[in-house]
Amino acid sequence: MDDADTCRWCRQKARRTCTCCDATGSALTGAEGDTLCHRCTLTRRLDAIIPPHADGPLAPLRQPLLHAEPVTTRRWLIRTTPLLLSIQGGSTALTHTSFDTLPHPKSVEHLRSLLVATGILGPDLDRSLRRLEAQLPQLLSSLTPNHRALLTRWTQWAVLPRLRAATEKREGHVGAQNARSQIRQSALFLDLLQQRSTELGECTQHDIDTWFSAPGAAHWRVRSFLTWARRNRHLPRTLTLPSSYRGRAEVPTDDDERWQICRRLVHDESLDPADRLAGALIALFAQPLTRIAGLTTAHVTETDAGVELRLGSADTLLLPDPFAQIALQLPRPRRAGTAEQIPQTWLFPGHRADIPLTATALGNRLRRIGISPQALRLSAIAHLTRELPPSALAAMLGLNAHTVAQHTLRASGQWANYAADRHS
């Protein structure tokens, strides 16, 4: 009798048998007078919510739930059983609007993502925009009526249109985060003026300089609002605004260190395959984290020439081995949850079934294995700009041609004069 049959409470040898599937061991639970293994306990609870042969709205969700890790999945089912039954019975509408009104946001958001991933519920591209609009009264609650009206006008005419455009490109989540931060910082700036009994039109250069001299990048998010206010004569045009935020300059990775990283990504099979591919796309092709995180299986194509990866609008790159084989094998499940049982199209899936890994999370994963994404990317761009003209490099890698030209000038590559002439 092995250690798996030892009761973790009394440390005595115990062999119990599941009355449903005849599984033996100590990892059994009591349910309705029976002794069941965790898998059978999950199945019995799920049968009461989504019967095996029922044709209800939640039927596509049954198989992913059955194949997920049984203990945590059963705990989640216990919390969401009333909601699932109300959806199955038709008393709760399968719409994003009805989900927005429900309590317990974490469990509800997990269910919403599962429903979207399985096709039961359509994607909600406008959700980030709706949440921001709903949060506006709270964000502006501390302002006087004049300042609140002014910031509301800027939000309606400058912030939300830009956010709607980002939503159409499926970048609404990141855009909403940036917009919320801009609104919050602008409200804090106006609140600071209120504490001094000052209207925005009475703002002085000293007020501007004091605000922007504070440490950190968050204060600089107010610049968009102040630029709009000055352009529309709500702020004196004689005031000078800082051009842009200048944080600590990132030092590019040394060329020797960059090639050591490349060799490690090629040969170290102990690393997560997703991290190896992400690191290679930065080290070899200077790709930004935001683009890497948004890659899907549709971007990877296997042809007679090899495995191709589409980065720009049309051009493709031929991936070298072993990264070609890794790209074909992704995505790989990192856990045994319900989301991992649903077919994924993201190469780097996130913790929710319907969204990819965020660029921040992907960058943190790379830092944990000793890779600084920004420094490595700067080194890769500097190397590539010495080899190719900016226009060809931008088209091949899907990068902004003007940005590539600037990096070419900094790197003083053989195309520096070409870049300067072209963008002068």
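Note that the structure is a prediction, hence the values are computed from the model and not measured.

Attention now moves to helix H5 (residues 105-117). For H5, which comprises 13 residues, the first-to-last C-alpha distance of 18 Å matches the rise-based estimate of 18 Å (1.5 Å per residue) to within 8%. Along H5, the positions that sit buried rather than exposed are Ser107, Val108, Glu109, Leu111, Arg112, Ser113, Leu114, Leu115 and Val116. In this structure, the buried residues of H5 make contact with helix H3 (70-89), helix H4 (96-100) and helix H6 (127-139). Phi for Gly119, located one or two positions after H5, is positive at around 85°.

Bringing the nonpolar core into the picture now. Leu277, Leu281, Leu319, Phe348 and Leu362 are the most contacted members of the largest nonpolar core, which totals 35 residues. Here this core gets eight residues from one element, more than from any other, and that element is helix H12 (residues 273-285). Leu281 has contacts with Ala286, Gln287, Ile292, Leu295, Leu309 and Leu319, leaving out every residue within four places of it along the chain. Core analysis: the next-biggest nonpolar cluster, separate from the first, contains 33 residues, Leu129, Leu139, Leu200 and Trp220 among them.

Turning next to the pattern of salt bridges. By the definition in use, this model includes 11 salt bridges. A salt bridge links Arg62 to Asp47, with the shortest nitrogen-to-oxygen separation between them at 2.8 Å. Highlighted residues: Arg62 in helix H2 (residues 62-66) and Asp47 in helix H1 (residues 38-49), separated in sequence by 15 residues. We classify Arg62 as buried; its relative accessible area is 7%. A salt bridge links Glu133 to Arg164; the shortest N-O distance between them is 3.7 Å.

Strand order in this open sheet of three strands is E5-E6-E7, and the pairing throughout is antiparallel. Looking at the sheet topology across the chains shown, the edges are occupied by strand E5 (300-302) and strand E7 (316-318). With strand direction ignored, the average angle separating the axes of adjacent strands in the sheet is 30°. Of the strand pairs in this sheet, E5 and strand E6 (residues 307-310) are connected by three bridges, and their pairing is antiparallel. Paired with Glu302 across the two strands is Val307, which belongs to E6.

Let us look at H1. For H1, with 12 residues, the first-to-last C-alpha span of 17 Å sits near the 16 Å given by 1.5 Å per residue. Those residues of H1 that fall on the buried side of the exposure criterion are Cys40, Thr41, Leu42, Leu46 and Ile49.

Right, let's get into the environment of His38. Mapping His38 onto the fold places it in helix H1. Residue class for His38 comes out partly exposed when judged on its relative accessible area of 21%. Sequence separation between His38 and Val71 is 33 residues; the distance between their C-alpha atoms is 6.3 Å.

Okay, the packing of aromatic side chains next. Summed over all chains, the structure comprises four aromatic pairs. Ring geometry for Phe189 versus Trp211: centroids 5.4 Å apart, planes at 85°, classification edge-to-face. With a gap of 22 residues between them, Phe189 in helix H8 (residues 172-195) and Trp211 in helix H9 (residues 205-212) connect regions that are remote in the sequence. Plain terms: the ring middles of Phe212 and Trp220 are 5.2 Å apart, the flat faces sit at 70° to each other, and that makes the pair edge-to-face. The class for Trp220 is buried, based on a relative accessible area of 19%. Every member of this aromatic cluster is reached through a ring pair, and the members are Trp154, Phe225 and Trp228. When the ring centre of Trp259 is taken as origin, the NZ or CZ atom of Arg258, which lies over that ring, is 4.7 Å away.

Looking now at the confidence of the model for the chain. Taken as a whole, the chain shows an average pLDDT of 83; of its residues, 83% reach a score of 70 or greater. Per-element averaging of pLDDT across the chain places helix H19 (residues 416-422) at the bottom with 45 and helix H10 (residues 223-231) at the top with 94. Within the model, the stretch residues 413-424 combines pLDDT values under 50 with 24 contacts to residues more than four positions away or in other chains.

Cis peptide bonds are those with omega within 30 degrees of zero, and the linkage from Asp321 to Pro322 qualifies with 5°. In this structure, Pro322 sits in the loop between E7 and helix H14 (323-329). At the junction of Leu330 and Pro331, the peptide bond is cis and its omega measures out at 0° in the coordinates. Mapped onto the secondary structure, Pro331 falls in the loop between H14 and helix H15 (359-368). In this structure, Ser197 is a non-glycine residue whose phi angle is positive, near 60°. You can see Ser197 is positioned in the loop between H8 and H9. With a phi close to 65°, Arg233 is a non-glycine residue in the positive phi region. Topologically, Arg233 is positioned in the loop between H10 and helix H11 (255-267). By relative accessible area, which is 63% here, Arg233 ends up exposed.

Definitions and cut-offs
Residues numbered from 1 in each chain as written. Predicted model: local features only at pLDDT ≥ 70, side-chain atom pairs only at ≥ 80, totals over all residues. Heavy atoms only, no water. Helix = DSSP H or I, 4+ residues; strand = E, 2+ residues; numbered from the N terminus. Expected span 1.5 Å × (residues − 1). Buried < 20%, exposed > 50% of the residue type's maximum accessible area, 1.4 Å probe, protein only. Contact = heavy atoms within 4.5 Å. Core = buried A, V, L, I, M, F, W, Y, C linked by side-chain atoms within 4.5 Å. Salt bridge = Lys/Arg side-chain N within 4 Å of Asp/Glu carboxyl O. Pairing = 2+ DSSP bridges. Axes fitted to C-alpha atoms, helices over the stretch in contact; angles between N-to-C directions. Phe/Tyr/Trp six-rings, centres within 6.5 Å; stacked < 30°, edge-to-face > 60°. Lys NZ or Arg CZ within 6 Å of the ring centre and 35° of its normal. pLDDT = per-residue confidence, 0-100.

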